[in-house]
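Okay, here's what each chain looks like letter by letter:
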Amino acid sequence: LHLPVAVRRMLAQCRRVLQPGVQWLADHPVLFRIGGFTLVTYGLFWGVGMLLYATSTAALLSAHGFNAQFVSAFLVTLAGVTAVGSYGFWWLGNLSSLRHERFWGLGQVGFIWYGGLFGAVCFAWVAGVETSVSTFMMIDVLLQGIFLAFAMGRLGCLSFGCCHGVPTSSDGLH
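Residues numbered from 1 in each chain as written. Predicted model: local features only at pLDDT ≥ 70, side-chain atom pairs only at ≥ 80, totals over all residues. Heavy atoms only, no water.

Right, let's get into the packing of helix H5 (residues 113-130) against helix H6 (residues 135-160). Running from amino to carboxyl end, H5 crosses H6 at an angle of 155°, the nearest separation of the two axes being 8 Å. With respect to H6, the axis of H5 lies roughly antiparallel. Note that H5 runs across H6; the crossing there is right-handed. Between H5 and H6, the contacting residues are Trp113, Gly116, Leu117, Ala120, Val121, Ala124, Trp125, Ala127, Gly128 and Val129 on the first element and Thr135, Phe136, Met138, Ile139, Leu142, Leu143, Ile146, Phe147 and Phe150 on the second. The class makeup of the residues in the contact of H5 with H6 is 16 nonpolar, 3 polar and no charged. (Axes fitted to C-alpha atoms, helices over the stretch in contact; angles between N-to-C directions. Helix = DSSP H or I, 4+ residues; strand = E, 2+ residues; numbered from the N terminus. Parallel < 35°, antiparallel > 145°, perpendicular 65-115°, else oblique. Left-handed = near helix turned anticlockwise from the far one by under 90°. Contact = heavy atoms within 4.5 Å. Nonpolar A, V, L, I, M, F, W, Y, C, P; charged D, E, K, R; others polar.)

Put into structure tokens, the structure is as follows:
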């Protein structure tokens, strides 16, 4: 990859500025504890991602002429279907190990990003049909914000160390 010198310098400067903060987050996955409450870096990044997602989606819906009551109801429902989709897909993916647990492991915690995406897109489709608005416009509004949340969530995973790949045995890769 051949980048112009100015771009390489800018990227090097960004790395120098951001690396200490990112390294600190990676070294401190637990930000603080107060009594029984613990805030971990994943939770912080997830919360910021959800805030960006909600803000972006609300602004885009408002720009398309939807009133505040509709936007609020849309965001609350969207949060619910995104969470249910994320959990549902995680649960289905882990069912073989969860089926031996009490209540088939329904009390366990886990989420998968593509389950949330599936739930959110299905909801946007239904919302478009129910409001007689283009379903593709509703999905477009939704997708512009959801990837902000996914990006922040991935940073949270990186800082917490919860999601990673598997070691490879391929030659030359370590």
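The next point concerns the nonpolar core. Judged by nonpolar contacts, the single largest core of 20 residues is most densely connected at Tyr53, Leu61, Phe74, Leu78 and Met138. Residue assignment for this core shows that the elements contributing at least two residues are helix H2 (41-63), helix H3 (68-93), H5 and H6. With 8 residues, H6 is the single largest residue contributor to this core. Leave out the neighbours within four places in its chain, and Leu78 touches Tyr53, Thr57, Ala120, Phe123 and Leu142. Counting 5 residues, the second largest nonpolar core, distinct from the first, contains Tyr87, Trp90, Leu98 and Ile112. (Core = buried A, V, L, I, M, F, W, Y, C linked by side-chain atoms within 4.5 Å. Buried < 20%, exposed > 50% of the residue type's maximum accessible area, 1.4 Å probe, protein only.)

The terminal C-alpha atoms of H6, which comprises 26 residues, lie 36 Å apart, in line with the 38 Å expected from a rise of 1.5 Å per residue. At the exit of H6 stands Gly161, carrying a positive phi of roughly 80°. (Expected span 1.5 Å × (residues − 1).)

Right, let's talk about the environment of Leu25 for a bit. Along the polypeptide, Leu25 turns up in helix H1 (residues 5-27). Apart from the residues within four sequence positions on either side, Leu25 is in contact with Leu31, Thr41, Phe45 and Ser159.

Function cannot be read off these values alone, since they describe shape.
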